[in-house]
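# Structure assessment
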Amino acid sequence: MNDVDEKLKEECGVAGVFGIENASRILYLSLFALQHRGQEAAGMVTFDRPKQAPDTLELHVHKAFGLVSEGVNEAVLNRLKGDFGVGHVRYSTTGGALLENVQPFQFKTILGAVAIAHNGNLTNAREIRKKLESTGSVFQSTSDTEVFVHLIARSESATIRERIGDALRQVTGAYSLAIITKDALYAARDPRGLRPLVLGKLDGGHVVASETCALDLIGAEYVRDVEPGEVIEISKEGSSTWYPQDKKPLSFCSFEPIYFARPDSLLHGESIYVRRRRIGEVLAEECPAEGDVVIAIPDSGMAMAEGFAKRSGIPLAMGLVRNHYIGRTFLQPDQNQRDTSVKLKLNPIKSVLYGKRVIVVDDSLVRGTTAARILKMIKSQGAKEIHFRVGAPPITHSCFYGVDTPNREELMAAQKTVAAIRQHLDADSLGFISEAGLRKALEEVEGKSYCMACFSGAYPENIGTSITKQPTDAKGPGLFSKR
Ligand code: SF4
């Protein structure tokens, strides 16, 4: 994990295209816009029916490690012919650096070729895999997504559409899927709606993507979100929709609006940027601070800092400047050089900080080590006081739905009380938004509820993991100060 970006990591972004010439170029741009959801590897699969042999289906595949801009070039786009396809960007940690795990996965069934791109994590993948292996399935990767491949291939239903339904009925957990078959694009979202997926229109064809920022870049019109539990089938005959599973209580991932999704994206038709500003406002109501200036830890804390400043009436200023040109191949320094690694990415503006009571706003606190270094750096610029405010409740539990969370031993809030965290950060005060405050900022209503399991351990389904309570010394919003 990058030292300055000590955040939870989204594990994937997906895109799909149907009925648009040069689908590979649309996929490329879509994945480029979704790059923040995964930087380890990118892949695209397109299907083509050559004009001279329209009954033949050709599959074109490209997968590469690294950023989309590094792994895909003009020659690749020219080679990936066809007017429909799916693409994927991936982030993964353990066992991740294997080309076999890079999506989309493409495979041949008795009913024709299929390619699949998945964002999320199946909570019963291990169980299903064991069962399938015991009856002869041979897995090629260590990815949970491969379970879909086998379930679709082994289903005895007569059509691919039914086979996809059969597969979805057997899995639990989080999935947003883009699937292409020889004559259709399918977009599917798990019944709790944990991960996002949107539908758009472009040039008489259709696109699906994890976020609307991908639609913006390709000039597509946002049609709507794929509904939780819905499967949309798009083919030459038109589009149809169905719900293969029983309805379940909704549980949108609250970290999408807090941090994962780009601020220029819409989620459930609502602006992420507006949501983040609102979180900052509620944070200021719950954890007020007397200060001279509000600053953000850029870039992700920006919108929340704006909201905090607006609600508190304390001026917002740029106290830290981020260097965007470090590059992903930057060699991680050893322990003694950690402060330097923070400085390489963030530089303080002394004239903003010197002699001031500074309110520092960030979106979340994971391990706490980077935050401590950043606050130390701000103090070194002559800040009189530092009041740290966080737009997510303390993270105390791991995620099982497609987000890379450190072990509980490494999650600062799972190990320390809020008072002890303040001490560790050497901040004059520390305040986290409460779970109730976050729900208020997200305007949770019946029928639109959020997963907050990484703050509470209240997982939306039984994940079979022993859940222990966080240390707690806080009532309400969890505001602690020196005095
Ligand atoms: S546990 Fe946290 S990160 Fe995972 S889906 Fe729920 S809210 Fe999102």
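Scope of this entry: the structure provided in the associated data block. (Residues numbered from 1 in each chain as written. Predicted model: local features only at pLDDT ≥ 70, side-chain atom pairs only at ≥ 80, totals over all residues.)

### Here we look at the pairing of strand 14 (residues 238-242)
When strand 13 (residues 231-235) meets strand 14, the two strands line up antiparallel, connected through five bridges. Considered in strand 14, the bridge of Ser 235 is made with Gly 238. (Pairing = 2+ DSSP bridges. Helix = DSSP H or I, 4+ residues; strand = E, 2+ residues; numbered from the N terminus.)

### Let's talk about unusual backbone geometry
Following Gln 103, the chain continues into Pro 104 via a peptide bond in cis, with omega recorded as 0 degrees. Here the bond from Pro 298 into Asp 299 is cis, since omega is -5 degrees, no more than 30 degrees from zero. Mapped onto the elements, Asp 299 comes out in the loop between strand 18 (293-296) and helix 10 (302-312). In this structure, Asn 22 is a non-glycine residue whose phi angle is positive, near 50 degrees. For Asn 22, the location among the structural elements is in the loop between strand 2 (12-18) and helix 1 (23-33). According to the C-beta neighbour criterion, Asn 22 is partly exposed, with 16 such atoms within 10 Å. Look at Asp 203: it is not a glycine, yet its phi comes out positive at around 50 degrees. With respect to the element layout, Asp 203 can be found in the loop between strand 10 (198-202) and strand 11 (205-209). (Buried ≥ 20, exposed ≤ 12 C-beta atoms within 10 Å, placed from the backbone.)

### Some remarks on the site of the ligand
Taken together, Leu 194, Cys 253, Ser 254, Phe 255, Cys 399, Tyr 401, Val 403, Cys 451, Met 452, Ala 453 and Cys 454 make up all the residues around the ligand. Per-class residue counts for the shell around the ligand are ten nonpolar, one polar and no charged. (Near = placed C-beta within 6 Å. Nonpolar A, V, L, I, M, F, W, Y, C, P; charged D, E, K, R; others polar.)

### Quick notes on the sheet that holds strand 10
Read from one edge to the other, the open sheet built from seven strands follows the order 4-3-5-2-11-10-12, with strand pairing classed as antiparallel. Where the open sheet ends on each side, the last strands, each with one partner, are strand 4 (58-65) and strand 12 (221-225). Taken over all neighbouring pairs, the strand axes of this sheet differ in orientation by 15 degrees on average, direction set aside. Bridging between strand 10 and strand 11 involves five bridges; their strand directions are antiparallel. Bridge assignment links Leu 199 to a residue of strand 11, and that residue is Val 208. (Axes fitted to C-alpha atoms, helices over the stretch in contact; angles between N-to-C directions.)

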